[in-house]
Amino acid sequence: MTITTPVFAEDNHRYTLDGRRQYSVTQILEGLRLTPPYPGDRGQKAFGTAAHKACDLAVWDKLDFSQTSPVLMPYVEGFMEKAEELKIRPIKSEIIVWHEPESYAGRLDLWAEILDGEQAIFDFKTGAPPPCVELQTAGYALALEWCGI
């Protein structure tokens with residue numbers, strides 16, 4: 001049996017698998033009204049994306065700190081402090097995972113080993129993470145297990 005990976009369309013944040021829509025983990029949480037009412041975007045999304053990318057590069061030892069905006073450095077330094085504390089060893093990042101039987105997909109930020117070999121999923125946030133992040137990462141964990149990456 002060949003397993004097909006979902007296709008992600010950035011413009012409408014939509015996953016499809018063999019032409020069938022796969023709802024994202026965050027869309028499911030929004031549909032269940034488990035996410036907080038976020039205010040309209042006033043630049044936070046671009047900032048969060050930049051901080052996310054910087055942390056991702058840093059965990060893989062590929063961030064050029066001399067070329068990184070000083071505004072992002074507190075986020076990178078905070079993450080790297082936690083990475084050292086937890087002994088984070090990245091396995092993969094920015095990977096699409098899916099759970100075909102439940103028709104959902106998502107892109108997890110970081111899958112890593114921590115401490116003495118325990119596996120963990122991280123979702124980068126620049127603000128206080130809402131409680132629904134626990135459900136988000138649980139959805140990613142089930143999907144990661146199902147697709148067997």
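Basis of the calculations
Residues numbered from 1 in each chain as written. Predicted model: local features only at pLDDT ≥ 70, side-chain atom pairs only at ≥ 80, totals over all residues. Heavy atoms only, no water. Axes fitted to C-alpha atoms, helices over the stretch in contact; angles between N-to-C directions. Helix = DSSP H or I, 4+ residues; strand = E, 2+ residues; numbered from the N terminus. Parallel < 35°, antiparallel > 145°, perpendicular 65-115°, else oblique. Left-handed = near helix turned anticlockwise from the far one by under 90°. Contact = heavy atoms within 4.5 Å. Nonpolar A, V, L, I, M, F, W, Y, C, P; charged D, E, K, R; others polar. 1 Å grid on protein atoms, 1.4 Å probe; cavity = no way out; pocket = protein on both sides within 12 Å on 5 of 7 lines; lining within 4 Å. Points joined across faces, edges and corners; volume = space filled by probe spheres on them. Salt bridge = Lys/Arg side-chain N within 4 Å of Asp/Glu carboxyl O. Buried < 20%, exposed > 50% of the residue type's maximum accessible area, 1.4 Å probe, protein only.

1. Notes on the packing of helix α2 (residues 44–59) against helix α3 (residues 73–86)
With their axes 9 Å apart at the nearest point, α2 and α3 run at an angle of 40° to one another. With respect to α3, the axis of α2 lies oblique. Handedness of the crossing formed by α2 with α3: right-handed. Contacts between α2 and α3 pair Phe-47, Ala-51, Ala-54, Cys-55, Ala-58 and Val-59 from the former with Tyr-75, Val-76, Phe-79 and Met-80 from the latter. Here the contact of α2 with α3 is composed, by residue class, of 10 nonpolar, no polar and no charged.

2. Notes on the layout of surface pockets
Computed from the structure, the largest pocket encloses a volume of approximately 1,800 Å³. If you go around the largest pocket, you meet 45 residues; those closest to its centre are Lys-45, Asp-123, Phe-124, Lys-125 and Gln-136. Secondary structure elements with two or more residues in the lining of the largest pocket: α1 (25–31), α2, α3, β5 (104–114), β6 (118–122) and α4 (132–147). It is α2 that provides the largest number of residues to the lining of the largest pocket, a total of 7 residues. Tallied by class, the residues present in the lining of the largest pocket amount to 20 nonpolar, 15 polar and 10 charged.

3. Some remarks on the environment of Gln-27
Here Gln-27 lies in helix α1. Separated by 77 residues in the primary sequence, Gln-27 and Tyr-104 have C-alpha atoms spaced 9.3 Å apart. Beyond its immediate chain neighbours, meaning those up to four positions away, Gln-27 contacts His-13 and Arg-21.

4. Some points on the pattern of salt bridges
When the charged atoms of two side chains lie near each other, side chains of opposite charge can form a pair. Taken as a whole, this structure holds 4 salt bridges when the rule is applied. Glu-100 is the salt-bridge partner of Arg-20, the closest N and O atoms lying 3.3 Å from each other. Of the two residues, Arg-20 sits in strand β3 (residues 20–24) while Glu-100 sits in the loop between β4 (89–99) and β5, which places them 80 residues apart along the sequence. Judged by relative accessible area, Arg-20 falls into the partly exposed class, the value being 40%.

5. Some words on unusual backbone geometry
In most cases, non-glycine residues show a negative phi, while peptide bonds are predominantly trans. You will see that His-13, though not glycine, has its phi angle at about 50°, which is positive. Look at Glu-94: it is not a glycine, yet its phi comes out positive at around 55°. Checked against the element boundaries, Glu-94 lands in strand β4. Given the relative accessible area of 30%, Glu-94 is considered partly exposed.

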